[in-house]
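# Observations on chain architecture
This is what each chain is made of:
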Amino acid sequence: MSTRAFLIILFVFAFSIRFGATLVLPEKVLLLSDSREYRDIAINIAAGDGVILHEGAKAKRPPGYPLFLSLSEKLFPGKREVLFLSQAFLGGGLCVLVFLVGRITVGKTVSVFAALLCAVYPLLIYSGSSLLIEPLYSILFILEIFFLIRAQGEWKYGWLAGLAGGLASLVQAGHILFFLPVLLYRRGKYAVPYLLTFLFVISIWSWRNREVLGEWVPITTQSGYTLYESMGPDATGGTVGSIMQLPPQKELGEVAYDRLLRDLAWENVTPNRFLSLALQKQKRFWSVVPNAEGMKSGMFYFATLCFLPILFGFMFALLKWRRIREEAGWLLLPIVYTATLHLIFLGSIRYRLAVEPFLILLACWGVSQFIQAGALSGRGAMWLSPSGSSD
């Protein structure tokens, strides 16, 4: 089978599973609270009212995902099934990108297994069928890594890597500092176009916020709330939500209240409390069982337990790291960055979803090494090329 035929079949297969899931999963699973806000912003965009939730929340959410959803809302107003269709499209495209990045990092054969695993992996099916930002963010994240790898040989790809990274930051605001570990990890001629484009894309939205809000806001005014929930007096390491005691907003505007919450979040945070919360966040981030009470059903236990073999493969890949290609180091960077970010911000399986494709790629390579080491008997070792080399 040719590579093109495989990718077409892979896309159709992954897309069909995800769209099919939208027909059987309950609405409370497909539409979370932030999903509804993103859709409301998309509806406002389509109606010509701007990238706002309402007059008191003009920069509450990053603009990238609502802008994506607004295309469907503009063409097919009120047709929720079209939104799910576009989300499934992202899920199928993500699997294709996993293969393309895997082929230049862990080898063609391993990348085939990784892409197929992404297509059937329950947590990625869930994110690809629900209105969540993670599939779009993952696609931009993978594109950024793909172009960064290419930029090591041809620095002009740095422009495309910066574009993908900047757009990723406008989908998930936590991505805004990813350029720091990138530039620390590998220096080269690519760095200048990468950094300039990355920051330029973000600055467009920051300028918009200055014009609308009267102050410089890099991406969102939700950061204060998120940090307060993560580090404030009611913080547990996970989502606190309605039981969290927020200070009154009174006459404070959107930006001023965001600044107040950021300041209050760090009050009374001792080193012991910070460490205790960080451990809870990492426990939740790497969990193989559901964290949220509403998700503790048989279906979700099965979905989250499927991470266990991936975690095993990933750990074995780390043990055999000296044998992996140099390019595969770029796959580890998003994982380390995201896990580190959630030493401060909330820990959740959901926030791991954006880097699950990178984990799956490394896990599949780790399993290939496990097989080749003779840990499994039979002819399985013949399926995978040695040391992750391309076919």
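Let me sum up the structure you'll find in this document. (Residues numbered from 1 in each chain as written. Predicted model: local features only at pLDDT ≥ 70, side-chain atom pairs only at ≥ 80, totals over all residues. Heavy atoms only, no water.)

## A few points about the overall build of the protein
Convention followed: By definition, any uninterrupted DSSP run of H or I lasting at least four residues is a helix, any uninterrupted run of E lasting at least two residues is a strand, and each is numbered from the N terminus. Only C-alpha atoms enter the radius of gyration; for comparison, a globular chain is expected to reach 2.2 Å times N to the power 0.38, where N is the number of residues. The rule is simple: take the accessible area with a 1.4 Å probe, protein chains only, and divide by the maximum for that residue type; under 20% is buried, over 50% is exposed, in between is partly exposed. Contact criterion: two residues are considered in contact whenever any of their non-hydrogen atoms come within 4.5 Å of each other. Residue-level accessible areas treat just the shown protein chains as cover; the underlying method is Shrake-Rupley with a 1.4 Å probe. We score Asp and Glu as negative and Lys and Arg as positive, and we do not count His or the chain ends. Charged groups are reduced to one reference atom each: NZ for lysine, CZ for arginine, CG for aspartic acid, CD for glutamic acid.
When you go through the protein residue by residue, the secondary structure sums to 19 helices and 0 strands. Rg of the C-alpha trace for the protein: 21 Å, near the compact-globule value of 21 Å for 391 residues, within the 12% margin. By principal-axis analysis of the C-alpha atoms, the protein measures approximately 70 × 50 × 50 Å. The buried share among the 391 residues of the protein stands at 52%. Across the protein, every contact between residues at least 6 apart in sequence was considered, and the portion connecting residues at least 24 apart equals 74%. With an accessible surface of roughly 18000 Å², the protein has 65% of that area assigned to carbon and sulfur atoms. The protein carries 35 positive and 25 negative side-chain charges, and their two centres are separated by 10 Å.

## Let's talk about a nonpolar patch on the surface
What counts is decided by this rule: By definition, no residue in a patch forms a salt bridge, and every one has over 30% relative accessible area; like charges are joined within 9 Å, nonpolar side chains (Val, Leu, Ile, Met, Phe, Trp, Tyr) within 5 Å. Each salt bridge in this description consists of a side-chain nitrogen of Lys or Arg and a carboxyl oxygen of Asp or Glu lying within 4 Å of one another.
A contiguous nonpolar surface patch, about 410 Å² in accessible area, is contributed by Trp155, Trp159, Val192 and Leu196. Here valine 192 lies in helix 11 (residues 191–213).

## Comments concerning the environment of phenylalanine 141
Structurally, phenylalanine 141 can be placed in helix 8 (residues 134–151). When its relative accessible area of 0% is taken as the criterion, phenylalanine 141 is described as buried. Residues phenylalanine 141 and serine 70, 71 residues apart in the sequence, show an inter-C-alpha distance of 21 Å. Ignoring anything within four residues of it in the chain, the contact list for phenylalanine 141 reads His175, Phe178, Pro334, Thr338, Val355 and Phe358.

## Topic: unusual backbone geometry
With a phi angle near 50°, lysine 250 is a residue other than glycine that sits in the positive phi range. For lysine 250, a relative accessible area of 69% translates into the label exposed. Within the chain, asparagine 268 stands out as a residue other than glycine whose phi angle is a positive 65°. Here asparagine 268 is to be found in the loop between helix 13 (254–265) and helix 14 (271–285). Overall, the relative accessible area of 72% leaves asparagine 268 in the exposed class.

## Some thoughts on the side chain of histidine 175
The following threshold applies: By the criterion applied in these results, polar contacts are pairs of N or O atoms within 3.5 Å in which, for protein atoms, one can donate a hydrogen and the other can accept it, and in which residues neighboring in sequence qualify only through two side-chain atoms.
Relative to the assigned elements, histidine 175 resides in the loop between helix 9 (157–169) and helix 10 (179–185). By relative accessible area, histidine 175 is classed as buried at 0%. Looking at histidine 175, its side chain comes within polar contact range of the side chain of glutamate 144, at 2.7 Å. Non-local contacts of histidine 175, meaning those with residues more than four positions away in its chain, are made with Tyr137, Phe141, Glu144, Gly165, Ala168, Ser169, Phe198 and Tyr337.

## Things to note about the environment of glycine 238
Mapped onto the fold, glycine 238 is located in the loop between helix 12 (223–231) and helix 13. Along the primary structure glycine 238 and alanine 292 are separated by 54 residues, whereas in three dimensions their C-alpha atoms are 8.6 Å apart. Among residues more than four places away in sequence, those in contact with glycine 238 are Arg284, Leu346 and Gly347.

## Regarding the environment of leucine 100
Here leucine 100 shows up in helix 5 (residues 80–103). Along the primary structure leucine 100 and leucine 143 are separated by 43 residues, whereas in three dimensions their C-alpha atoms are 9.7 Å apart. When neighbours within four sequence positions are excluded, leucine 100 is seen to be in contact with Leu7 and Phe146.

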